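One letter stands for each residue in the lines below.
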Amino acid sequence: MTILDPIDRIPPAIAAGSDDDKDDGGDGGPDTGVVIKTRPKVKKPSMYKVLMLNDDYTPMEFVVHVLERVFGKNGDDATRIMLHVHQKGVGVCGVYTYEVAETKVTQTMDMARKNQHPLQCTLEKE
Ligand code: TYC
């Protein structure tokens, strides 16, 4: 049986009282050592918003295409995000770990440059 740490739901390195055949102190056997639970060092990664910026020249259909291809949005969500950016000036395409976010920014900027559109997107730490 695995005892889950009640705080972060990750199995402790040593689960005191586990009731298996090993002589680990859980069965009142001869092991008299003190069992110390060690908490594994796990940290949630920082997350980054990928922001898209409005401009006057990039065609709406191109922005929708980028949101579908790079950010995996369906047509409705892509159109909604594009219109939000068009009206407000900036919008969130998605939230990712740093390397994923950076890759999506690069892919978006590459597609824009290859098609000679001034579309800009950037990262913002959450
Ligand atoms: N404003 C652009 C237009 O009217 C469309 C557009 C939307 C451009 C979103 C960039 O991130 C953008 N053609």
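Structure's up top.
In short, a report on the structure.

Parameters at a glance
- Residue indices follow the written sequence of each chain, beginning from 1 at its first position.
- Local features are withheld for residues below a pLDDT of 70 in this predicted model, meaning they are given only at 70 or higher, and side-chain atom pairs are given and counted only at 80 or more; totals for whole chains, interfaces and linings count all residues.
- Note that the side-chain values use all heavy atoms of the structure and ignore hydrogens as well as water.
- When we say a residue is near a molecule or strand, we mean one of its heavy atoms is within 4 Å of it.
- Two N or O atoms form a polar contact when they lie within 3.5 Å of each other; inside protein one atom must be a possible hydrogen donor and the other a possible acceptor, and for residues adjacent in sequence the pair counts only when both atoms belong to side chains.
- Method for areas: the Shrake-Rupley scheme with a 1.4 Å probe, in which residue coverage is limited to the protein chains shown.
- Helix and strand definitions here come from DSSP, where helices need a minimum of 4 consecutive H or I residues and strands a minimum of 2 consecutive E residues; each element is numbered from the N-terminal end.
- As a working rule, the residues Ala, Val, Leu, Ile, Met, Phe, Trp, Tyr, Cys and Pro are called nonpolar, Asp, Glu, Lys and Arg charged, and the rest polar, with Gly in that last group.
- For two strands to count as paired, DSSP must find a minimum of two bridges between them.
- As a rule, the C-alpha atoms of each element are fitted with a line to give its axis, helices using only the stretch in contact, and angles between N-to-C directions run from 0 to 180 degrees.
- One less than the residue count of a helix, multiplied by 1.5 Å, gives the span that helix is expected to have.
- Between buried and exposed lies partly exposed: a residue is buried under 20% and exposed over 50% of the maximum accessible area for its type, with that area taken using a 1.4 Å probe on protein chains only.
- What the arc describes is the spread of directions from the helix axis to the C-beta atoms.
- Only heavy atoms enter the contact rule, under which two residues are in contact if any of them lie within 4.5 Å.

Thoughts on the site of the ligand
And step 1. As a structural note, the neighbourhood of the ligand is formed by Met52, Leu53, Asn54, Asp55, Thr58, Met60, Val63, Met82, Val85, His86 and Leu119.
And step 2. Measuring from a nitrogen atom of the ligand, one finds a backbone N or O atom of Thr58 at 2.9 Å.
And step 3. Within the side chain of His86, a nitrogen or oxygen atom sits 2.9 Å from a nitrogen atom of the ligand.
And step 4. Contact with the protein chains hides 89% of the accessible area of the ligand, taken as 350 Å² for the molecule alone.
And step 5. Of all elements in the fold, only strand 1 (47-53), helix 1 (60-69) and helix 2 (75-88) reach the threshold of two or more residues within the shell around the ligand.
And step 6. Ranked by the residues each element gives to the shell around the ligand, the list is headed by helix 2, at three residues.
And step 7. A breakdown of the residues in the shell around the ligand according to their chemical character gives seven nonpolar, three polar and one charged.

Let's talk about the pairing of strand 1
And step 1. The pairing of strand 1 with strand 2 (residues 90-97) spans seven bridges and is antiparallel. Its bridge partner lying in strand 2, Leu51 is registered against Val92.
And step 2. Here six bridges tie strand 1 to strand 3 (residues 120-125), and the two strands are oriented antiparallel to one another. Looking at strand 3, one finds that Tyr48 is bridged to Lys125.

Some details on the sheet that holds strand 2
And step 1. One open sheet accounts for three strands, arranged 2-1-3; its pairing is antiparallel. The open sheet has two free edges, formed respectively by strand 2 and strand 3, since each of these has just one partner strand. This sheet shows a mean twist of 30° between the axes of neighbouring strands, independent of strand direction.

Brief notes about helix 3 (residues 98-114)
And step 1. The end-to-end C-alpha distance of helix 3 is 24 Å, a good match for the 24 Å that 17 residues give at a rise of 1.5 Å each.
And step 2. Of the positions making up helix 3, those classed as buried are Ala101, Lys104, Val105, Thr108 and Ala112. Mapping the buried residues of helix 3 onto a view down its axis gives an arc of 100°, with all of them on the same face. Summarising the geometry of helix 3, the exposed residues directed more than 90 degrees from the buried face are Glu99, Arg113 and Lys114.
And step 3. Those residues of helix 3 that are buried are in contact with strand 1, helix 1, strand 2 and strand 3.
And step 4. Within two residues after helix 3, Gln116 carries a phi angle of roughly 60°, on the positive side.

Distances and angles like these do not, on their own, reveal function.
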